[in-house]
Amino acid sequence: LVFFDLILAVVLHLQYHCFDDGPQARNFLLLLCTQRDFRSYVVKVIEDETWGDIGIYEQELLQWNIPVPGNELFNMKGLLLDDSQWPTEEARGPETLYGCSENKRVMAAAEVVWANFPHFLMRAWALKHSEVALFTDHINSLISFCLALSFAGILGSLLLYGSLCLSPCLEDETGQATSAWARAGWPSMVILSLVLLAVLILGLFGANVYA
């Protein structure tokens, strides 16, 4: 029961922080990787004099060309609008993010654009296109399943402990009552141990995905 309580606290912490900047940055990268319309939308917003203004004391727009090692300039706009640099239309799931992350040019462009793109506009675009998968949907599904298993484990542990307390095992000196309880108690403990192992594996995987 104590183990389930500890794991539940960790899983709830992961779910609570699911909408921090880290997971939202992965949402942004996933939308860039899978949605051509979103990439065009990003370029349009960045070039808009109102939404794309990144200046502190005066109006300033993001420079699309950034310096890279080798005294070269990297054109981020060209990358965003070049469909050959991105996954095909068939690759739409959250797992697309992992392959997309291996492209260093894509990651460099995503980092710079994400730092200068109004984050609320990404969320607004995603709400308007609700059929599009987000990375946080992937995390929420995993953590929700982990939470359900944790609550099931806590309930099962309480029922098992309650059955032991209510049984005559503590007063029976012959051991017959304990043997009778063990016929159902030990298999239940094995099942709860397997549930605990599943929660640990899912929790560790969720923490790895979140990080």
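Everything numeric here is computed off the predicted structure, so don't read it as measured data. (Residues numbered from 1 in each chain as written. Predicted model: local features only at pLDDT ≥ 70, side-chain atom pairs only at ≥ 80, totals over all residues. Heavy atoms only, no water.)

Caption draft 1: Here's a closer look at the overall build of the protein chain. When helices and strands are counted, the protein chain shows 9 helices and 2 strands. Secondary structure elements of the protein chain occur, N-terminal to C-terminal, as α-α-α-β-β-α-α-α-α-α-α. Expressed as a percentage of its 211 residues, the buried residues of the protein chain come to 36%. (Helix = DSSP H or I, 4+ residues; strand = E, 2+ residues; numbered from the N terminus. Buried < 20%, exposed > 50% of the residue type's maximum accessible area, 1.4 Å probe, protein only.)

Caption draft 2: Looking closely at the pattern of salt bridges. Enumeration according to the criterion identifies 3 salt bridges in this entry. Between K77 and E47 there is a salt bridge, with its nearest N and O atoms 2.7 Å apart. One end of the pair, K77, is in helix α4 (residues 76–81); the other, E47, is in helix α3 (residues 36–47), and 30 residues separate them in sequence. Note on K77: relative accessible area 28%, which makes it partly exposed. In the salt-bridge network here, residues are joined through shared partners; they are R36, R39 and D83. (Salt bridge = Lys/Arg side-chain N within 4 Å of Asp/Glu carboxyl O.)

Caption draft 3: Structural view of the nonpolar core. In this structure, F28, V42 and F117 are the most contacted members of the largest nonpolar core, which totals 37 residues. Looking at this core, the elements with two or more residues in it are α2 (21–34), α3, α4, α5 (96–100), α6 (104–116), α7 (119–128) and α8 (135–166). The element best represented in this core is α2, accounting for 6 residues. Setting aside anything within four residues of it in sequence, one finds V42 in contact with F28, L32, L80, V113 and F117. (Core = buried A, V, L, I, M, F, W, Y, C linked by side-chain atoms within 4.5 Å. Contact = heavy atoms within 4.5 Å.)

Caption draft 4: Layout of a nonpolar patch on the surface. On the surface, a cluster of nonpolar side chains totalling about 460 Å² of accessible area is made up of V190, L194, L197, L200 and I201. With respect to the element layout, I201 can be found in helix α9 (residues 176–210). (Patch = residues over 30% accessible without salt bridge, like charges linked within 9 Å, V, L, I, M, F, W, Y side chains within 5 Å. Areas by Shrake-Rupley, 256 points an atom, 1.4 Å probe, with all protein chains shown as cover.)

Caption draft 5: Looking closely at the environment of I191. Position of I191 relative to the elements: it lies in helix α9. With relative accessibility at 52%, the residue I191 sits in the exposed group. Linking I191 and G153, residues 38 residues apart in sequence, is a C-alpha distance of 9.2 Å.

Caption draft 6: Layout of the side chain of T34. Within the secondary structure layout, T34 lies in helix α2. Judged by its relative accessible area of 3%, T34 falls in the buried class. Polar contacts involving the side chain of T34 include one to the side chain of Q35, which spans 3.4 Å. (Polar contact = N/O pair within 3.5 Å; in protein donor to acceptor, adjacent residues only side chain to side chain.)

Caption draft 7: Layout of the packing of aromatic side chains. The tally for this structure, following the rule as stated, stands at 7 aromatic pairs. Relative to Y41, the ring of F38 lies with its centre 6.3 Å away and its plane at 40 degrees, an arrangement referred to as tilted. You can see F38 and its partner Y41 sitting in helix α3, 3 residues apart, about one turn around the helix. Residue class for F38 comes out buried when judged on its relative accessible area of 0%. Of the residues examined, Y41 reaches a relative accessible area of 24% and is grouped as partly exposed. When the ring of F38 is compared with that of W125, the centres are 5.0 Å apart and the planes differ by 65 degrees; the resulting orientation is edge-to-face. Here F38 is found in helix α3, whereas its partner W125 is found in helix α7, with 87 residues between them in sequence. Comparing F38 with W125, the two get one shared label, buried. One aromatic cluster is present, formed by F28, F38, Y41, W114, F117 and W125 through successive ring pairs. (Phe/Tyr/Trp six-rings, centres within 6.5 Å; stacked < 30°, edge-to-face > 60°.)

Caption draft 8: Representation of α3. Taking 1.5 Å per residue as the helical rise, α3 with its 12 residues ought to reach 16 Å, and the 17 Å between its terminal C-alpha atoms agrees with that figure. Within the sequence span of α3, burial applies to F38, R39, V42, V43, V45 and I46. The buried side chains of α3 occupy one side of the element, clustering within an arc of 165 degrees when seen end-on. Seen from the open side of α3, the exposed residues pointing more than 90 degrees away from its buried face are D37 and K44. (Expected span 1.5 Å × (residues − 1). Arc of directions from axis to C-beta.)

Caption draft 9: Spatial organisation of the packing of α3 against α7. α7 packs onto α3 with a crossing angle of 145 degrees between their chain directions and a minimal axis gap of 12 Å. In this structure, the crossing between α3 and α7 has a hand that is right-handed. Residue-level contacts link D37, F38, Y41 and V45 of α3 to L121, M122 and W125 of α7. When grouped by side-chain class, the residues that make up the contact of α3 with α7 number 6 nonpolar, no polar and 1 charged. (Axes fitted to C-alpha atoms, helices over the stretch in contact; angles between N-to-C directions. Left-handed = near helix turned anticlockwise from the far one by under 90°. Nonpolar A, V, L, I, M, F, W, Y, C, P; charged D, E, K, R; others polar.)

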